[in-house]
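Take a look at the letters that make up each chain.
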Amino acid sequence: MSSPFRARAVGMRLFPGEGRGPAVRPVPLGPGLRRGTTLLALLLALPACDREQRDMAGQPKAETKSFVTSGDPRSAEYENNAFHIAQGQKWYGWFNCSGCHFHGGGGMGPPLMDEQWIYGGRMEDIVASILYGRPNGMPDWHDKITEQQAWELAAYVKSLSAQPRQDALSARADEMSNSEPQTLQGRKKVVPENMAPPGSEDR
Amino acid sequence: MADRHGAHFLAAILAALLLSFAGFAAPLAAQQNGARPASSASPAEDGQWTMPSKDYASTRYSGLNQVDRANVGRLKLAFTFDTHNRKGHEAAPLVVGNMMYLTTPYPNHIWALDLAKGGRPVWVFRPHPQPASQGVACCDVVNRGAVYSNGRLFFTTLDGMVYAIDARSGRQIWGTKLGDISRGETITMSPLVAEGKVLVGNSGGEMGVRGWLVALDAGSGRIAWKAFSTGPDKDVLIGPRFKPWYASDRGTDLGVHTWPPEQWKIGGGTVWGWISYDPKLKMIYYGTGNPGPWNPQQRPGDNKWTTGVFARDIATGEARWFYQSSPHDLFDHDDINEQVLLDMPVNGRMTPVLVRPGRNGYMYVIDRRTGQVYSADAFGFINSMDGVDLATGRLRMVKDKEPKEGRVTRNICPTASGVKDWNPSAFSPRTGLLYVPHENLCMDEGVFEANYISGTPYVGAEVKMYAGPGGHRGVFTAWDPVRRKAVWEFNENLPLWSGALATGGDLVFYGTMDGWFKALDAVTGKQLWARKLDSGIISQPVTYRGPDGRQYVAVVTGVGGWMGAIVSAQLDPRDPTAALGAVNAMKDLPGLTQPGGKLYVFTLPR
């Protein structure tokens, strides 16, 4: 826990009960050193803070009636957000997503960690796939989970292909035995399919 | 002296002649162990191949012997046929008269090819199964083939339909809906047709499905009887005629009481493998799949009647006996493998038995009248089990290898896919040996509580598979069921997922997942011929007499299935848990072969 990022992240956590490990106290430092470090940590923390940002207004959000549309403002809210990604990771196991897609490699369902998005790789596309299903086997979940859960799932699913910011990813692997936490994996940056020029795939 | 010498010389020549003649015409004396297929279930050779198992005894043996050990090296390609389907092809092609019938995986087409015209297609049957069925098929969208009987072809589709079609025209005669994909039920098996009944069971052991076997009337497609694998006795068709050999299988409603409350309703025991039939005893034999979920801590008890073999009366479906190979299964050891019906000496007396190379790695010899287990010997590497107690029939488990929540159990051998999975073995009456294509894999497993959500996976386990001792992932074993030991073994780099074929030319054929189609000497295990094909082989090779009187050997490529899904579904090798852990053992396969269903037919040059 020598990284100021790590210590800061723990300090900023809002609900310790939803945490991912024992609380970590900041390491005590000398007075001169401490002042400088605190300043440095604050400076560093400023741009990184949004990864933990959440709407805590306290009012549950209304569920939308119509289909998820392009340019939904929730995309920006959920993607790259550490809390929502971590929540999505939890739902991913609870709702048996891992039974078909495993930890991104696929099985009954297609892989989610590669660069191919059969039905589109934007947050809105992924949410639509989750809520309304797809004809070749993806079941619809709109009557089994909330929209918020769907957005959180989408945020996690998108993180499997290493597109979100690395500092928003969970340091905890949900899988029991078999692969390393996402933050420890050496993954290559994948350009979303709808942004990549044709023929630029690197595999 | 001269005369005597001459007489000796003549006798020696005569003896040599006799010996060499015996080598061709009679069973091979040196190998003879007294085992032979149940005669009523294995009719005389007619040069056809009308059901995947070849006959009701499930020998997968053809008496054709034009292609033999001496000339197999000259085998040449006669013709091919491309199915244009890139999923895993597990089905056996059928040959009836001058026609060949080829079944594909989803979307489950049947092609009729005219063998008198070089394999020209005559008709194709396209049933249009529901596309959503692909999302509830655990291990690729496979189909294990059609069956021919009395002018009709019977086959199943992934979305749970059974069809009867006119073999001449390809027109549908009837179609019956049996499976419900919204509950995770699919159908992948090849039916068995006997006594005017079409027997079909469901798949979906990884989806919290309740297993069953249904008998349809071959004429009308109406359900004659349905036997569940879990639940109360009346659902399982257990009545007064049910006489299991072992005490642990006796009692009322064990299909309810050996489960936590209500768990039997989503408890698995699917029927997706092979059925054999003894026309003399009028009994069918088949195995039931794994209990659900995989996590054993969610289902304390013996979980009857999963992971065992049933004997039933074909007319009524009444259960006659049951033997549970893996009570309270810990490792997904579906007991659905083939049962080869043999008559062979047991303790010095000819006995009607069924021999089954089990998923758990034991070669069971079971009395097919009573269900008594005569022997159960390991035919591969096992460290998670310690043999079978023949007095109680119970499998002995190794405590350290039991998957438990909150820990990862390492180095469990064999894997969930077993020492041997679905791919069937072949029995040659000439050598008395059973030829078993199988695996040599081990796994790490962690289990956790699974949530039941209808139509989604219900497993609760994470698995990572890898090669077993020796590093080779597959073995082709020639097993002597009488002497209870392997006679020879042929190691393969990749797991074997294709069936075996044995012929009267003392050859055994099988394919590898990287596309080698091979012929071995049935006596010695020496490789005599091999040909690299465009895609890996996970199907069932067959042989037949063509319209020109020559012997042909046919095999279908198209890699896939559980072990091959990494290629057919383009899974990502960076996730070792993908495809229930199979991907970790098969990371190299995408570099060794490519998807593609194609029929290859070989024969000797004129």
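Scroll up a little and you will see the structure.
What counts and what doesn't
Residues numbered from 1 in each chain as written. Chains lettered and ligands numbered in written order. Predicted model: local features only at pLDDT ≥ 70, side-chain atom pairs only at ≥ 80, totals over all residues. Heavy atoms only, no water. Disulfide = S-S within 2.5 Å. Buried < 20%, exposed > 50% of the residue type's maximum accessible area, 1.4 Å probe, protein only. Salt bridge = Lys/Arg side-chain N within 4 Å of Asp/Glu carboxyl O. Helix = DSSP H or I, 4+ residues; strand = E, 2+ residues; numbered from the N terminus. Contact = heavy atoms within 4.5 Å. Buried area = accessible area lost by both parts, 1.4 Å probe. Polar contact = N/O pair within 3.5 Å; in protein donor to acceptor, adjacent residues only side chain to side chain. Nonpolar A, V, L, I, M, F, W, Y, C, P; charged D, E, K, R; others polar. Core = buried A, V, L, I, M, F, W, Y, C linked by side-chain atoms within 4.5 Å. Pairing = 2+ DSSP bridges. Axes fitted to C-alpha atoms, helices over the stretch in contact; angles between N-to-C directions.

Chemist: Is there a simple way to explain the state of the cysteines in this structure?
Modeler: Covalent bonding between the sulfur atoms of two cysteines is what defines a disulfide. All names here are of chain B. Per the counting criterion, the structure on display carries 2 disulfides over all chains. The partner cysteine of Cys138 in its disulfide is Cys139, sulfur to sulfur 2.0 Å. Taking the torsion about the sulfur-sulfur bond, which here is approximately -100°, the covalent link between Cys138 and Cys139 counts as left-handed. Among the residues examined, Cys138 registers a relative accessible area of 26% and is labelled partly exposed.

Chemist: Before we go on, may I ask you to explain the pattern of salt bridges in this structure?
Modeler: All names here are of chain B. Evaluated as defined, the whole model comprises 39 salt bridges over all chains. Here Arg359 ties to Asp421 by a salt bridge, and the two come within 3.2 Å at their closest N and O atoms. Here Arg359 is found in the loop between β21 (349-357) and β22 (362-367), whereas its partner Asp421 is found in the loop between β26 (408-412) and β27 (426-428), with 62 residues between them in sequence. Each of the two residues, Arg359 as well as Asp421, counts as buried. Between Asp506 and Arg430 there is a salt bridge, with its nearest N and O atoms 2.8 Å apart.

Chemist: Hey, could you run me through the interface of chain B and chain A in this one?
Modeler: Buried accessible area, meaning the area lost when the parts come together, often serves as the stated size of an interface. Counting from both sides, the interface comprises 33 residues of chain B and, opposite them, 28 residues of chain A. Both faces combined, the contact of chain B with chain A buries some 2600 Å², and carbon together with sulfur accounts for 57% of it. Together, Pro457, Glu462 and Arg574 of chain B form the three largest contributors to the area buried by chain B at its contact with chain A, with a combined 21%. One can count 0 salt bridges joining chain B with chain A. On the surface where chain B and chain A come into contact, there are 13 residue pairs in polar contact (both at pLDDT 80 or more). Of all the secondary structure elements, the ones that give two or more residues to the side of chain B that touches chain A are β26, β29 (441-447) and β30 (461-467) of chain B. The dominant element in the side of chain B that touches chain A, judged by the number of residues it contributes, is β30 of chain B, at 3 residues. When the residues that make up the side of chain B that touches chain A are grouped by side-chain class, the tally is 18 nonpolar, 8 polar and 7 charged.

Chemist: I would appreciate a short explanation of the nonpolar core in the present structure.
Modeler: Proteins that are soluble and globular tend to have nonpolar side chains buried together. If you look at the biggest cluster of nonpolar residues, it comprises 38 residues, and the most contacted ones within it are Leu178, Val198, Leu199, Leu213, Ile275, Ile284 and Trp305 of chain B. A per-element tally of this core places strand β14 (residues 212-217) of chain B first, with 5 residues.

Chemist: Got a minute to help me understand the sheet that holds β27 of chain B in this structure?
Modeler: Hydrogen bonds between backbone atoms are what pair the strands of a sheet, whose relative direction is either parallel or antiparallel. Residue and element names in this part refer to chain B. With antiparallel pairing, 4 strands are arranged side by side in an open sheet as β27-β28-β31-β32. Two strands in the sheet have a free side with no partner beyond their single neighbour: β27 and β32 (485-492). The sheet shows a mean angle of 20° between the axes of neighbouring strands, direction not considered. Bridge count between strand β28 (residues 433-439) and strand β31 (residues 474-480): 6 bridges; the pairing is antiparallel. If you follow Leu434 over to β31, its bridge partner there is Trp479.

Chemist: Would you explain the sheet that holds strand β17 (residues 283-287) of chain B in this entry?
Modeler: Residue and element names in this part refer to chain B. Pairing in this open sheet of 4 strands is antiparallel, and the strands run β16-β17-β18-β19 from one edge to the other. Only two strands of the sheet have a single neighbouring strand rather than two, namely β16 (275-278) and β19 (319-324). Taken over all neighbouring pairs, the strand axes of this sheet differ in orientation by 15° on average, direction set aside. The pairing of β16 with β17 spans 4 bridges and is classified as antiparallel. The partner of Ile275 across the bridge, within β17, is Tyr286.

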